[in-house]
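Observations on chain architecture
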Amino acid sequence: MRSERPILVTGATGFVGRALSAALLREGRAVRCASRAPERGRHLLAEVPWVRLDVNDPATIEPALAGCWAAYYLVHSMGDRQGDYARREREAAQAFAAAAARAGLERIIYLGGIRPLGRPSKHLASRLAVGALLRQGPVLTIELRAAMIVGHGSESWRICRDLAATLPGMILPRWTRSRSEPVALDDVLVALRRALDLPLARSASYDLPGPEPLTVREILRTTARVLDLPDPLFLDVPVLSPRLSAYWLRLVTRADWRVARELVHGLEHDLLARDDRYWSLIGHPHRLPFEEAARRAIAAEGPRRPRHFLDRLQQLRRQSTAHRQRRCRDDRLSDEGRALSSLASEVSLSRAQRETKEEP
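Presented here is a report on the structure given in the accompanying data block.

About the criteria used
Residues numbered from 1 in each chain as written. Predicted model: local features only at pLDDT ≥ 70, side-chain atom pairs only at ≥ 80, totals over all residues. Heavy atoms only, no water. Phe/Tyr/Trp six-rings, centres within 6.5 Å; stacked < 30°, edge-to-face > 60°. Helix = DSSP H or I, 4+ residues; strand = E, 2+ residues; numbered from the N terminus. Buried < 20%, exposed > 50% of the residue type's maximum accessible area, 1.4 Å probe, protein only. Pairing = 2+ DSSP bridges. Axes fitted to C-alpha atoms, helices over the stretch in contact; angles between N-to-C directions. Right-handed = clockwise from strand over helix to strand, strands pointing away. Polar contact = N/O pair within 3.5 Å; in protein donor to acceptor, adjacent residues only side chain to side chain. Contact = heavy atoms within 4.5 Å. Arc of directions from axis to C-beta.

1. Digging into the packing of aromatic side chains
- One pass over the structure, following the stated rule, counts 5 aromatic pairs.
- Consider the rings of tyrosine 73 and tyrosine 110, whose centres lie 6.0 Å apart with planes at 55 degrees: the pair is tilted. Of this pair, tyrosine 73 sits in strand β4 (residues 70-73) while tyrosine 110 sits in strand β5 (residues 107-113), and the two are 37 residues apart along the sequence. Across the pair, tyrosine 110 and tyrosine 73 agree in class, each one buried.
- Judged by centre distance (5.1 Å) and plane angle (40 degrees), the rings of tyrosine 206 and tyrosine 278 are tilted. Highlighted residues: tyrosine 206 in strand β11 (residues 204-207) and tyrosine 278 in helix α11 (residues 277-281), separated in sequence by 72 residues.
- Accessibility expressed as a relative area gives 0% for tyrosine 278, which makes it buried.
- By way of ring pairs, the aromatic residues Tyr73, Phe96 and Tyr110 are connected into one cluster.

2. Some points on the sheet that holds strand β6 (residues 141-146)
- Taken together, the 7 strands give an open sheet; going across it, the order is β3-β2-β1-β4-β5-β6-β11, and neighbouring strands pair in parallel fashion. Among the strands making up the open sheet, the edge pair consists of β3 (50-52) and β11. Pairs of neighbouring strands in the sheet enclose a mean axial angle of 20 degrees, with direction left out of account.

3. A look at the pairing of strand β2 (residues 31-35)
- The buried count for β2 comes to 5 of 5 residues, which makes it a mostly enclosed element.
- Alternating residues of β2 divide into Val31, Cys33 and Ser35 and Arg32 and Ala34, and every residue in both groups is buried.
- Sheet topology note: the strand β1 (residues 7-9)/β2 ladder contains 3 bridges and is parallel. Each residue of the ladder has a partner; that of isoleucine 7, found in β2, is valine 31.
- Handedness of the crossover is the feature at issue here: the chain leaves β1, passes through helix α1 (residues 15-26), returns alongside β2, and the resulting connection is right-handed.

4. Re the side chain of arginine 145
- Tracing the sequence through the fold places arginine 145 in strand β6.
- Given a relative accessible area of 5%, arginine 145 falls into the buried group.
- Polar side-chain contacts of arginine 145 include one of 3.1 Å to the side chain of glutamate 143.
- Beyond its immediate sequence surroundings of up to four residues, arginine 145 is in contact with Gly112, Gly113, Ile114, Arg115, Leu128, Arg135, Ser205, Tyr206, Asp207, Leu208 and Arg274.

5. What about helix α12 (residues 290-300)?
- Burial in α12 covers these residues: Phe290, Ala293, Ala294, Ala297 and Ile298. Buried residues of α12, seen end-on, are gathered within an arc of 130 degrees and therefore sit on one face of the element. Pointing more than 90 degrees away from the buried face of α12 are the exposed residues Ala299 and Ala300.
- For α12, the elements touching its buried residues are β7 (149-150), α6 (155-166), β10 (183-184), β12 (214-215) and α8 (216-226).
- Count one or two residues on from α12 and you reach glycine 302, which has phi positive near 80 degrees.

In structure tokens:
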């Protein structure tokens, strides 16, 4: 019976995967968690079985799927350092779809990104391509597309939260006027869980908009208010591309810079949903407003606060100074080593000359 067969959650050590696995478990679902590092996952959620799965290693996919009736595809390669991540994501999606068919899966649920109103960035184009490849496969697939997910652990939320927390004033380039519909993690979890039971005649994609369209400026201002900070001062400038903006983000956010860079590139155009009909289909029309979602995300992170901008600069300066000191020490040791080597050569030469003179 379906109810007795497990549901595979890929990327289960990630921000959404961890929360989803716990939520499914509370519903009484049979869950199997998959990760490239299952030993780490067992420390996060010990109540479920963990298996190793690396979507870029096809040999690990089918064994992880064996016996499951559905799978959540929650993996990406955006922050990896290994070359062309978009190509690897496409290849991984094709391999997963094929393995899912061989394993007899009935459904795949994929969490991707909203299609922008303009040309998509590399990151968003890759997410959309993965969704299309999974839907074209032989297993029925529901692709759910979201903009920024507001929750503790979300990289896009972390960027906005850290900007609002660390900078009393900001230069806002043109791309920050773009609009999106941030959605609360709690609502995304409802969407993912109910996708298991949604009647489905063929594969389909749905958007997951939050209840209100917001510009980046409005997101930052609301986040500052939730943090009980003064309203930030904003200065609009017509320049400063997303590429340049990604560089200065390294100074003020804890987010992985490689991921932050791709996310910022995705903000060049509005990220607005085609419609919100999925929420009606699953009987969940009322979603958390952004301000309440932000409060929950901040409460979930505990007492930790990111460093002030000046503190961050001082930290970078200390790191740079320590790096120079190590270089100087290494150079000094290298010079001393060369001097000792030269001295040893001279001693050996002197000894050889003396022994030559002493020969009869």
